[in-house]
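An overview of the molecular structure
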Amino acid sequence: QVQLVESGGGLVQPGGSLRLSCAASGNIFSIVNMGWYRQAPGKQRELVAFITSSGSTKYADSVKGRFTITRDNARNTVYLQMNSLKPEDTAVYYCNVDLVSRGLGNYWGQGTQVTVSS
């Protein structure tokens, strides 16, 4: 069984920073892509950033230059460093991982709330 545990969300003022973490555990053979999505109230879930096994990254245009995604393969963990946060970044952030367990599968974390407000 595979679990994704997220941490690092919270309340921050505009212009502030937060770092999200997502650790994968369980019967994992290898991890392929790791990414972060977010969903604001009344909106569809959208891709924020992802990172491949080789370290290639992709970002949503709205977060380019402010957010950085990294991964620690030894810890099966992906991070999202969020700087210069804006009220429009307020959402539930979800970790998403493609990994090989019994076979190749896609897994979601439980979500962590990020609120940007003064």
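We now turn to the structure provided with this report. Here the structure is a predicted model, which means the values were calculated and not measured.

1. As for the sheet that holds strand E8 (residues 77–82)
- Spatial ordering of the open sheet is given by E1-E3-E8-E7, a layout of four strands whose pairing is antiparallel. Both edges of this open sheet fall to strand E1 (2–7) and strand E7 (67–72), since each of them pairs with a single strand only. Going from strand to strand, the sheet's axes swing by 15 degrees on average, the running direction of each strand aside.
- With six bridges joining them, E7 and E8 adopt antiparallel strand pairing. Looking at the pairing, Thr68 lines up with Gln81 of E8.

2. Points about the environment of Gln1
- Along the polypeptide, Gln1 turns up in the segment before E1.
- In the structure, Gln1 is positioned 74 residues away from Arg75 in sequence and 17 Å away in space, judged by C-alpha atoms.
- When sequence neighbours within four positions are dropped, the list of residues in contact with Gln1 reads Ser25, Gly26 and Asn27.

3. Examining the nonpolar core
- If you look at the biggest cluster of nonpolar residues, it comprises 31 residues, and the most contacted ones within it are Trp36, Leu80, Met82 and Tyr93.
- Counting only elements with at least two residues in this core, the list comes to E1, strand E3 (18–26), strand E4 (30–39), strand E5 (46–51), E7, E8, strand E9 (91–100) and strand E11 (112–116).
- Among the elements that make up this core, the one with the highest residue count is E9 (five residues).

4. What to know about the environment of Val97
- By the secondary structure assignment, Val97 is in strand E9.
- For Val97, a relative accessible area of 0% corresponds to the buried category.
- The spatial distance from the C-alpha of Val97 to the C-alpha of Thr77 is 10.0 Å, given a sequence separation of 20 residues.
- Sequence-distant contacts of Val97, defined by excluding residues within four places in its chain, comprise Leu4, Ile31, Asn33, Met34, Gly105, Asn106 and Tyr107.

5. Quick look at the state of the cysteines
- One pass over the full model with this rule turns up one disulfide.
- Bridging Cys22 to Cys95, the disulfide has an S-S length of 2.1 Å. In this structure, the disulfide formed by Cys22 and Cys95 twists by about -75 degrees around the S-S bond and is classed as left-handed. A residue pair is termed long-range when its members are at least 10 positions apart, and Cys22 in strand E3 and Cys95 in strand E9 qualify at 73 residues.
- In this structure Cys22 comes out as buried when scored by relative accessible area, which is 0%.

6. Some remarks on the pairing of E11
- Residues Thr112, Val114 and Val116 line the buried face of E11, whereas the alternating positions Gln113 and Thr115 sit on a face that is not buried.
- Of the pairings in the sheet, the one linking strand E2 (residues 10–12) to E11 comprises three bridges and is parallel in character. In the sheet register, Leu11 faces E11, and the bridge partner there is Thr115.
- With three bridges connecting them, E9 and E11 associate as antiparallel partners. The residue bridging Tyr93 from the neighbouring strand is Thr112, located in E11.

Definitions and limits used
Residues numbered from 1 in each chain as written. Predicted model: local features only at pLDDT ≥ 70, side-chain atom pairs only at ≥ 80, totals over all residues. Heavy atoms only, no water. Pairing = 2+ DSSP bridges. Helix = DSSP H or I, 4+ residues; strand = E, 2+ residues; numbered from the N terminus. Axes fitted to C-alpha atoms, helices over the stretch in contact; angles between N-to-C directions. Contact = heavy atoms within 4.5 Å. Core = buried A, V, L, I, M, F, W, Y, C linked by side-chain atoms within 4.5 Å. Buried < 20%, exposed > 50% of the residue type's maximum accessible area, 1.4 Å probe, protein only. Disulfide = S-S within 2.5 Å.

Honestly, it's all geometry; don't read function into it.
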